[in-house]
Amino acid sequence: MGFFVPPFGRDRTALIQREHSYPAAETAGYVVRIQTPSRLVITVTLIAAQSIDGFITRNDEPGTAFCSKEDQEYFFKALMSFDSLIMGRKTYELSRDAIHASRATNKLRKIWTREPELWKANEILESVEFTADQPKAILEELEKRGRRECVLLGGSELYTAFLEKELVDRMFITVEPRLFGSGKKLATREISSQFALEETSRLSTNVLLLKYRKN
Ligand SMILES: NC(=O)c1ccc[n+]([C@@H]2O[C@H](COP(=O)([O-])OP(=O)(O)OC[C@H]3O[C@@H](n4cnc5c(N)ncnc54)[C@H](OP(=O)(O)O)[C@@H]3O)[C@@H](O)[C@H]2O)c1
């Protein structure tokens, strides 16, 4: 599907025609912007909690002990609406006991690691699986297996990789009223996707929840 915008660059018309076989009459004088629809049906939501100054960890401390009880309550409720989740191996290791004790067996959890073979002993098919696949391939596989609502649970490396590939549809960000000065960032590189703020709410007097959707 293409749509037309007023001419910014006639010089690009020929190239566009060659690449997409548009007839000359249709493209003359216009730049054709091709919208490549994502072939993915699965919706990808990133959930994270951060400090006011944008850190998802407090300095070098692993884990999310800095999060308020209100955030934790909201987080566990929010998780119920997803049928699949993806997390980086480091985040998995921090919550491994809770994950393996969880009764939410209908959720398919994919743990991202470059060495999935090292984690075979921890694998529970259809529940906790390890993968070295690229982000889009992981989502395609989840989709093939009937999953439609996927949540990304961090950490920083995982968020950055999915954001960079423009695979994140929504972001739910809790802002805790803290300033850490250092720690891991939600994204470690600049991300070109732009997001629209869809909803703001308070989880408590001081804790904000911001919901964004990709433009
Ligand atoms: N505040 C929050 O909302 C929040 C949420 C989640 C996590 N966190 C915090 O974030 C920290 C962890 O974040 P992190 O960025 O250090 O680690 P991470 O994203 O949880 O996991 C990183 C791991 O992902 C795997 N990985 C990276 N690139 C890969 C690739 N191309 N292919 C396959 N696997 C790949 C590697 O596993 P291998 O080394 O096994 O190869 C890498 O060590 C923790 O302290 C956690 O508590 C905070």
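Above this note sits the structure.
As a starting point, this report considers the structure included with it. Worth saying up front: this structure is predicted, and the values here are computed from it rather than measured.

**Things to note about the site of the ligand**
Next up, step 1: The environment of the ligand is made up of 24 residues, and the closest members are Gly 88, Thr 91, Gly 154, Gly 155 and Ser 156.
Next up, step 2: For the shell around the ligand, the secondary-structure elements that each account for two or more residues are strand 3 (43-51), helix 4 (89-101) and helix 6 (156-164).
Next up, step 3: By residue number, the principal contributor to the shell around the ligand is helix 4, which donates four residues.
Next up, step 4: Along the lines of polarity and charge, the residues of the shell around the ligand split into nine nonpolar, nine polar and six charged.

**Observations regarding the environment of Lys 165**
Next up, step 1: Here Lys 165 shows up in the loop between helix 6 and strand 8 (170-176).
Next up, step 2: Exposure remark for Lys 165: the 14 C-beta atoms within 10 Å place this residue in the partly exposed category.
Next up, step 3: Between the C-alpha atoms of Lys 165 and Ile 191, which are 26 residues apart in sequence, the distance is 8.9 Å.
Next up, step 4: Beyond its immediate stretch of four places on either side in the chain, Lys 165 contacts Pro 135 and Lys 136.

About the cut-offs
Residues numbered from 1 in each chain as written. Predicted model: local features only at pLDDT ≥ 70, side-chain atom pairs only at ≥ 80, totals over all residues. Near = placed C-beta within 6 Å. Helix = DSSP H or I, 4+ residues; strand = E, 2+ residues; numbered from the N terminus. Nonpolar A, V, L, I, M, F, W, Y, C, P; charged D, E, K, R; others polar. Buried ≥ 20, exposed ≤ 12 C-beta atoms within 10 Å, placed from the backbone. Contact = placed C-beta atoms within 7 Å.

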